[in-house]
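Listed below are the residues making up each chain.
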Amino acid sequence: IHKNLTGIPTAFVAEYGQGKPVIAVLGEYDALKGMSQRPEGLAEEKNPRQANGHGCGHNCLAAGSAAAALAVKTFLELSNMQGVIRFYGCPAEENGSAKAFMARDGAWEGVDAALAWHPDDINFSAVHRNLANAKYRYRFHGISSHAALSPHLGRSALDAVELMNVGANYLREHIPDGAKIHYAITDTGGTEPNVIPSYADVTYLIRAPEIHTVNQLAVRVKDIALGAALMTGTKVETEFIKACSNMIPNINLQKLLYKSFERIPAPQYTKNETGFARRIRETMNINEDYLEKIQNCYQGSEKKQIAAHIGEPLRTFFLPLREEPALVYSSSDVGDVSMVCPVGQIGTVVWAAETPLHSWQAVAQGKTSIAHKGVLYAGRILADTIITLIQSPDILAEVREEWTERTKKTSFISPIPKNIKPLME
């Protein structure tokens, strides 16, 4: 086990075996701030034992990936075959993009392919692209003054933040399809309206289908910040926080994962599990319009299969393989791993159907027997695929050849400057 990987105290890699190939499986284990929830609760209720919660199921993610790594280790021990299995412990995907820092600093050097999964409400092996992103904080410095007696002497940092946000809202009309701009005022400069705030800041997350588009939009957003400072007589500092790249899909690897789904039966659920899933769904705002929107997220044979099972509390099937990459409007630092080696991903059921990510319902289901079944199912799918890669050099060669072809015009340049260190909070 190698701890403190690339200088991140909570990142590590554990490996077993020798020779080639070297196959990695990725684990995440970060929670979301303020998402405390009582396990298996049927109403929103804080867990008195903790402040944070696994609203994206990363507790399950880490366990399923570890199960896959241990299964492959056992295979290597019993078969005496050449090959190395690596389990990467990856912190802070949600707000820190730790894998992007790790990719920048060479953590995946020598890896022939990497596999990952994510908790979901459906079983799938899908070829998809996602959004690259970058996170910045804009710190405005003004002059404090009495808001009634001497307002002419003050320069409001909060006014600058508000003007910047107005400018960014106008910018949204003039950005490429798929791009998104989000912000949160992270310091208002005080609570007293009679004091002109001398300091305020706002944090922005800029997303787009390609990292170079993110970088172009970041220049435009910075210009808006400078304009807001100019209008208010304040000064602004731009702090780069983190970034992550878009996903490079690998159809050959997704096909291989799909074949594992075809070989390995999906979990079956007890009456108690189905009943719990039905009750948890009753706490969600699920109506006909919502269900129609869910169906419209899918295409072709996927959409037909979803429609055939709409309203069921738990999904026991897996989606047909989609070979044409679809754009998913979320971001993940797995994208940076895909820039340096082939990556394949799956999803398995750990939640009731239609459970939204980052919700109290997702947190409540994270320790149920339904989740446990999904964790082990993911581990079996990943392990089966890894063993095939170890046993079949020709298949791995096809995976590598596709990755080389897809990346030859997009050589990896980390979106994170070398002098930027990951946040340690």
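Rules used in this analysis
Residues numbered from 1 in each chain as written. Predicted model: local features only at pLDDT ≥ 70, side-chain atom pairs only at ≥ 80, totals over all residues. Heavy atoms only, no water. Helix = DSSP H or I, 4+ residues; strand = E, 2+ residues; numbered from the N terminus. Polar contact = N/O pair within 3.5 Å; in protein donor to acceptor, adjacent residues only side chain to side chain. Contact = heavy atoms within 4.5 Å. Axes fitted to C-alpha atoms, helices over the stretch in contact; angles between N-to-C directions. Parallel < 35°, antiparallel > 145°, perpendicular 65-115°, else oblique. Nonpolar A, V, L, I, M, F, W, Y, C, P; charged D, E, K, R; others polar. 1 Å grid on protein atoms, 1.4 Å probe; cavity = no way out; pocket = protein on both sides within 12 Å on 5 of 7 lines; lining within 4 Å. Points joined across faces, edges and corners; volume = space filled by probe spheres on them. Pairing = 2+ DSSP bridges. Phe/Tyr/Trp six-rings, centres within 6.5 Å; stacked < 30°, edge-to-face > 60°. Buried < 20%, exposed > 50% of the residue type's maximum accessible area, 1.4 Å probe, protein only. Lys NZ or Arg CZ within 6 Å of the ring centre and 35° of its normal. Left-handed = near helix turned anticlockwise from the far one by under 90°. Core = buried A, V, L, I, M, F, W, Y, C linked by side-chain atoms within 4.5 Å.

A. Region of the structure containing the side chain of Ser 338. Locating Ser 338 in the fold gives a position in helix α10 (residues 334-340). For Ser 338, the side chain forms a polar contact with the main-chain nitrogen of Ile 248, separated by 2.9 Å. The residues touching Ser 338, leaving out its near neighbours within four places in the chain, are Asn 246, Met 247, Ile 248, Val 343 and Trp 403.

B. Fine view of the packing of helix α7 (residues 271-282) against helix α12 (residues 369-391). Put simply, α7 and α12 touch, their axes get as near as 10 Å, and they point 105° apart. The orientation of α7 relative to α12 falls into the category roughly perpendicular. Residues Glu 273, Phe 276 and Ala 277 of α7 touch α12, and the partners they reach there are Ser 369, Ile 370 and Lys 373. Looking at the contact of α7 with α12, its residues break down into 3 nonpolar, 1 polar and 2 charged.

C. The arrangement of empty space enclosed by the protein in detail. According to the stated counting rule, one finds 1 cavity of 30 Å³ or more in the structure shown. Of the pockets and cavities examined, the largest cavity occupies roughly 60 Å³. What lines the largest cavity is simply Ala 126, Val 127, His 128, Met 247, Ile 248, Pro 249, Asn 250, Gln 254, Val 343 and Gln 345. Classifying every residue of the lining of the largest cavity by side-chain character gives 6 nonpolar, 4 polar and no charged.

D. Geometry of the sheet that holds strand β10 (residues 199-208). Taken together, the 4 strands give an open sheet; going across it, the order is β8-β10-β6-β11, and neighbouring strands pair in antiparallel fashion. What marks the edges here is a single partner per strand, and that holds for β8 (180-187) and β11 (235-244). Going from strand to strand, the sheet's axes swing by 20° on average, the running direction of each strand aside. Pairing of strand β6 (residues 132-141) with β10 involves 10 bridges; the strand directions are antiparallel. When the sheet's bridge partners are listed, Phe 140 is paired in β10 with Ala 200.

E. Highlighting the packing of aromatic side chains. Tallying each qualifying case throughout the model produces 10 aromatic pairs. Centroid distance Phe 12 to Phe 87: 5.8 Å. Interplanar angle 40°. Geometry classified as tilted. Of this pair, Phe 12 sits in strand β1 (residues 12-18) while Phe 87 is found in strand β3 (residues 83-90), placing the two residues 75 residues apart along the sequence. For Phe 12, a relative accessible area of 23% translates into the label partly exposed. Here the aromatic rings of Phe 261 and Phe 318 are separated by 5.6 Å at their centres, their planes lie at 25°, and the arrangement is stacked. Pair noted here: Phe 261 is in helix α6 (residues 251-263) and Phe 318 is in the loop between α9 (300-308) and β12 (326-328), with a separation of 57 residues, a long-range link. Residue class for Phe 261 comes out buried when judged on its relative accessible area of 1%. Its relative accessible area of 22% is what places Phe 318 among the partly exposed residues. Here the aromatic cluster, defined as three or more aromatic residues joined through ring pairs, consists of Tyr 136, Tyr 138, Tyr 183, Tyr 204 and Phe 240. Positioned above the aromatic ring of Tyr 16, the side-chain terminus of Lys 73 is 4.9 Å from the ring centre.

F. Just the packing of α6 against α12, in detail. Between α6 and α12, the least distance of the axes is 9 Å, while the angle of their chain directions is 120°. As the angle between them shows, α6 and α12 are arranged oblique. Between α6 and α12 the crossing geometry is right-handed. Contacts from Leu 253, Leu 256, Leu 257, Ser 260, Phe 261 and Arg 263 of α6 reach α12 at Tyr 377, Ile 381, Leu 382, Asp 384, Thr 385, Thr 388 and Leu 389. Among the residues forming the contact of α6 with α12, the class breakdown is 8 nonpolar, 3 polar and 2 charged.

G. Region of interest: the nonpolar core. Grouped together as the largest cluster of nonpolar side chains are 59 residues, with contacts concentrated most on Tyr 88, Met 102, Trp 108, Tyr 138, Phe 140 and Met 164. Per-element accounting of this core gives the leading share, 9 residues, to helix α5 (residues 211-232). Trp 108 has contacts with Ala 24, Leu 26, Tyr 88, Cys 90, Lys 99, Met 102, Ala 103, Val 337 and Val 340, leaving out every residue within four places of it along the chain. Membership of the second largest hydrophobic core comes to 37 residues, among which are Trp 117, Ala 378, Leu 396 and Val 399.

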